[in-house]
Number of protein chains: 2
Amino acid sequence: MRNKQKQLQVRDVQDVINVIGGRWRGAILASLCDKEKRFNELKRDLGSITPRTLIKELKYLEMNKLVQRREENHQLNAYTYRLTEHGHSLEPLIASIVVWGQKHRSLILGQKE
Amino acid sequence: MRNKQKQLQVRDVQDVINVIGGRWRGAILASLCDKEKRFNELKRDLGSITPRTLIKELKYLEMNKLVQRREENHQLNAYTYRLTEHGHSLEPLIASIVVWGQKHRSLILGQKE
DNA sequence: AATAGCACTATCTTTTAGGATACCGGATTT
DNA sequence: AAATCCGGTATCCTAAAAGATAGTGCTATT
């Protein structure tokens, strides 16, 4: 019973890592926590991501109901990506990640820059 | 300035994902939250991981000062892996991940099982 | 009318993670 | 002394992730 619980936790962690893991997914979500963004805006924000990867990740996040793509007003060729409600529920988690990440960097990586 | 801050957060998230990301790292850490464990114990706990991968990940986690490998008493051929203090500082984060993961599963994956 | 920006798509290639499998030396059990 | 368990190594292989690069159709700007 105790053990079963453990097993589950291991699986939960793996599930979440699937969703926010990888080189970009977490970063995209973090960037969208700030505010909704357009494709190229996101691209600039993330630095070195390629359009191929960005669109792939965005579609994945859409499929998982974390991100929503909507046409801006009625202008064609203008879309924004924003967090869904479910996506927003990740914000505290991401915030904790950022905090721990800063601590980790200063501890391990010697806070260069 | 504001923008710089954003950039940093994106990097922080990526750093943390590096540390706890991938198919196994988060799971290993979660398993070690419970208590210190030996190699084969961990292996059993994680289910389908291969020894090659497990040792690789453990070494990575050691390098990043999250896990510590120690000889048990004075018996040769008996080692335990445990979280360092820094590793333990991840516990709340992992707990949040588990909680969100459960919510996500019931929402998206339809809580099968 | 031409140029440039937006939001992608397509193709090709490299990189990386991680699985499969076999093996190894030392310690322990029988 | 033989078999088994522990804590790994060593090799080989595959699939998936992601980079590089070029091109597309539409719109907005000058």
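Residues numbered from 1 in each chain as written. Chains lettered and ligands numbered in written order. Predicted model: local features only at pLDDT ≥ 70, side-chain atom pairs only at ≥ 80, totals over all residues. Heavy atoms only, no water.

A. Focus on the overall build of chain A. The number of helices and strands found in chain A is 6 helices and 2 strands. Counted from the first residue to the last, chain A has its helices and strands arranged as α-α-α-α-β-β-α-α. For chain A, with 113 residues in total, the buried portion stands at 43%. Residue pairs in contact within chain A that sit at least 24 positions apart in sequence constitute 45% of those at least 6 positions apart. Approximately 6,500 Å² of chain A is accessible, and the part contributed by carbon and sulfur atoms is 49%. (Helix = DSSP H or I, 4+ residues; strand = E, 2+ residues; numbered from the N terminus. Buried < 20%, exposed > 50% of the residue type's maximum accessible area, 1.4 Å probe, protein only. Contact = heavy atoms within 4.5 Å. Areas by Shrake-Rupley, 256 points an atom, 1.4 Å probe, with all protein chains shown as cover.)

B. Expanded view of the nonpolar core. Ranked by internal contacts, the top residues of the largest apolar core, which has 58 residues, are Leu29 and Leu46 of chain A together with Leu29 and Leu46 of chain B. Setting aside its immediate chain neighbours within four residues, Leu46 of chain A contacts Trp24, Ala27, Ile28 and Leu54 of chain A together with Val10 of chain B. (Core = buried A, V, L, I, M, F, W, Y, C linked by side-chain atoms within 4.5 Å.)

C. The protein's contact with DNA strand C, seen in detail. Close to DNA strand C lie 22 residues, the nearest being Arg38, Ile55, Arg69 and Tyr81 of chain A together with Arg23 of chain B. Counting only atoms of DNA strand C within 4 Å of the protein, the sugar-phosphate share comes to 62%. Separating a phosphate oxygen of DNA strand C from a backbone N or O atom of Asn40 of chain A is a distance of 3.3 Å. A distance of 3.3 Å separates a phosphate oxygen of DNA strand C from a polar side-chain atom of Trp24 of chain B. For the surface near DNA strand C, the element with the most residues is helix H4 (residues 51–63) of chain A, which contributes 4 residues. By residue class, the composition of the surface near DNA strand C is 8 nonpolar, 7 polar and 7 charged. (Near = heavy atom within 4 Å. Polar contact = N/O pair within 3.5 Å; in protein donor to acceptor, adjacent residues only side chain to side chain. Nonpolar A, V, L, I, M, F, W, Y, C, P; charged D, E, K, R; others polar.)

Without other data, these values stay purely geometric and don't point to any function.
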